[in-house]
Amino acid sequence: MSMVKRVLSDDSKCVGCRICMVTCSLVNFGEIDLAKSRIKILEKSGNSFGIRVCNNCGICAAYCPQGAISIVNKTLYID
């Protein structure tokens, strides 16, 4: 997977599954530890989630079950 140049996010499409956080910690640190993840999914209220993102590898795009993360022209989009 190629490195991305920037990260854009759209909180409205996040379902809060946190699989991107699991993937990030596993790939970057060799263990599942959400505290080490470089992407954070934060619950705002009810079923609303906020995304705090890194500007890093983009491997989370391959594992998002909703297809909400994609790479286009080396830009990581988190929908």
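Nothing here was measured: the structure is a model prediction, and the numbers come from that model.

### Section: unusual backbone geometry
At Arg18, a residue that is not glycine, the phi angle is positive and equals roughly 65°. Positionally, Arg18 belongs in the loop between β1 (6-9) and α1 (19-29).

### Some words on the confidence of the model for the chain
In this model, the chain carries a mean pLDDT of 83, and residues with pLDDT of at least 70 account for 89%. When pLDDT is averaged over each helix and strand of the chain, the minimum, 72, is found for β1 and the maximum, 90, for α1.

### With respect to the environment of Cys57
On the secondary structure map, Cys57 appears in the loop between β3 (48-52) and β4 (69-72). Taking C-alpha positions, Cys57 is 9.6 Å from Val27, a pair spaced 30 residues apart along the chain.

### Here we look at the side chain of Ser37
Structurally, the position occupied by Ser37 is in the loop between α1 and β2 (40-45). In this structure Ser37 comes out as buried when scored by relative accessible area, which is 5%. Residues within four places of Ser37 in sequence aside, it is in contact with Met21, Cys24 and Ser25.

### Notes on the pairing of β4
Pairing of β4 with strand β5 (residues 75-78), which is carried by four bridges, proceeds in the antiparallel orientation. Counted as the bridge partner of Ser70 is Tyr77 from β5. Two successive antiparallel strands, β4 and β5, enclose a turn made up of two residues, where Asn73 displays a positive phi of approximately 50°.

### Thoughts on the side chain of Ser25
Relative to the assigned elements, Ser25 resides in helix α1. Judged by its relative accessible area of 0%, Ser25 falls in the buried class. Of note is the side chain of Ser25, whose polar atom sits 3.1 Å from the backbone oxygen of Val22. Once residues lying within four places of it in the same chain are set aside, the contact partners of Ser25 are Gly30, Glu31, Ile32, Asp33 and Ser37.

How each quantity is defined
- Residues numbered from 1 in each chain as written.
- Predicted model: local features only at pLDDT ≥ 70, side-chain atom pairs only at ≥ 80, totals over all residues.
- Heavy atoms only, no water.
- Helix = DSSP H or I, 4+ residues; strand = E, 2+ residues; numbered from the N terminus.
- pLDDT = per-residue confidence, 0-100.
- Buried < 20%, exposed > 50% of the residue type's maximum accessible area, 1.4 Å probe, protein only.
- Contact = heavy atoms within 4.5 Å.
- Pairing = 2+ DSSP bridges.
- Polar contact = N/O pair within 3.5 Å; in protein donor to acceptor, adjacent residues only side chain to side chain.

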